[in-house]
Amino acid sequence: MYTQIGIKKIFDKLTMEGYELAFSNDSGLFVCNHVYYVSNFIIQEKALVSKALFIHIPYPYPYYTNRKKITPDITIKDIRNTFIVLLGEIILQELNKYA
C-alpha cells in the first residue's frame, strides 16, 4: 500500500530548502508498519476521502549507542520547519484539485 499524497513534490521542496531526506518503502516491522497499514486499509475499506502518510523522524539530537552515533543531528526547529512545509504542500495539493 502506498500513500496517495504526492510526496515527490514535497520531497523536492524540502530538499531545495536544505533538508536531507530519503524515500523508503519500509515503514518498519512492528508498530510503525501496523499503524501505516491499518490507516491505509481503513481508508480503502470505508472508501474515505482521507489519505495516510507515515514519516520516520530522527531523534532531535545526536543519539549514541555504545558511543557510536546512529542518527543524524536534527533540531526541534528543523522538525517544526519540515512539518510546516510538509503540511503546506499537502494543503496546496488538495486545494489545487478544486482550482
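Rules behind the numbers
Residues numbered from 1 in each chain as written. Predicted model: local features only at pLDDT ≥ 70, side-chain atom pairs only at ≥ 80, totals over all residues. Heavy atoms only, no water. Core = buried A, V, L, I, M, F, W, Y, C linked by side-chain atoms within 4.5 Å. Buried < 20%, exposed > 50% of the residue type's maximum accessible area, 1.4 Å probe, protein only. Contact = heavy atoms within 4.5 Å. Phe/Tyr/Trp six-rings, centres within 6.5 Å; stacked < 30°, edge-to-face > 60°. Helix = DSSP H or I, 4+ residues; strand = E, 2+ residues; numbered from the N terminus. Axes fitted to C-alpha atoms, helices over the stretch in contact; angles between N-to-C directions. Left-handed = near helix turned anticlockwise from the far one by under 90°. Nonpolar A, V, L, I, M, F, W, Y, C, P; charged D, E, K, R; others polar. Salt bridge = Lys/Arg side-chain N within 4 Å of Asp/Glu carboxyl O.

A look at the nonpolar core
Grouped together as the largest cluster of nonpolar side chains are six residues: I5, I10, L14, Y19, V85 and L86. Residues in contact with L86, not counting those within four places in the same chain, are I10, L53 and I55.

Points about the packing of aromatic side chains
For any pair of aromatic rings, geometry is given as the distance between the ring centres together with the angle between the planes. Taken as a whole, this structure holds one aromatic pair when the rule is applied. On the numbers, 6.1 Å between centres and 20 degrees between planes, the contact of Y37 with F41 is stacked. Remark: F41 and Y37 occur in helix α2 (residues 31-45); sequence separation between them is four residues, near one turn of the helix. Note on Y37: relative accessible area 44%, which makes it partly exposed. Look at F41 and you get partly exposed, because its relative accessible area is 37%.

Examining the environment of L53
With respect to the secondary-structure elements, L53 resides in the loop between α2 and β1 (64-65). Owing to a relative accessible area of 30%, L53 belongs among the partly exposed residues under this scheme. When the C-alpha atoms of L53 and Y36 are compared, they prove to be 7.4 Å apart, with 17 residues separating the residues in sequence. Not counting the four nearest positions on each side in its chain, L53 is found in contact with T3, I5, I7, Y36, L86 and I90.

Quick word on the packing of helix α1 (residues 7-16) against helix α3 (residues 76-97)
Packing of α1 against α3 brings their axes to within 10 Å, and their N-to-C directions diverge by 140 degrees. Crossing of α1 against α3: the hand is right-handed. Contact residues: α1 offers K9, I10, K13 and L14, while α3 offers T82, V85, L86, E89, I90 and Q93. A per-class count over the contact of α1 with α3 returns five nonpolar, two polar and three charged.

As for the pattern of salt bridges
In total, this model carries four salt bridges according to the counting rule given. In this structure, the salt-bridge partner of K8 is D12, at a minimum N-O distance of 2.8 Å. With K8 and D12 both in helix α1 and four residues apart, the pair spans about one turn of that helix. Classification of K8 by relative accessible area gives exposed; the value is 52%. Between E17 and K13 there is a salt bridge, and its shortest N-O distance comes to 4.0 Å. Judged by relative accessible area, which is 34%, K13 ranks as partly exposed. The network of salt bridges with common partners includes K51, E94 and K97.

Purely geometric numbers; function is a separate question.
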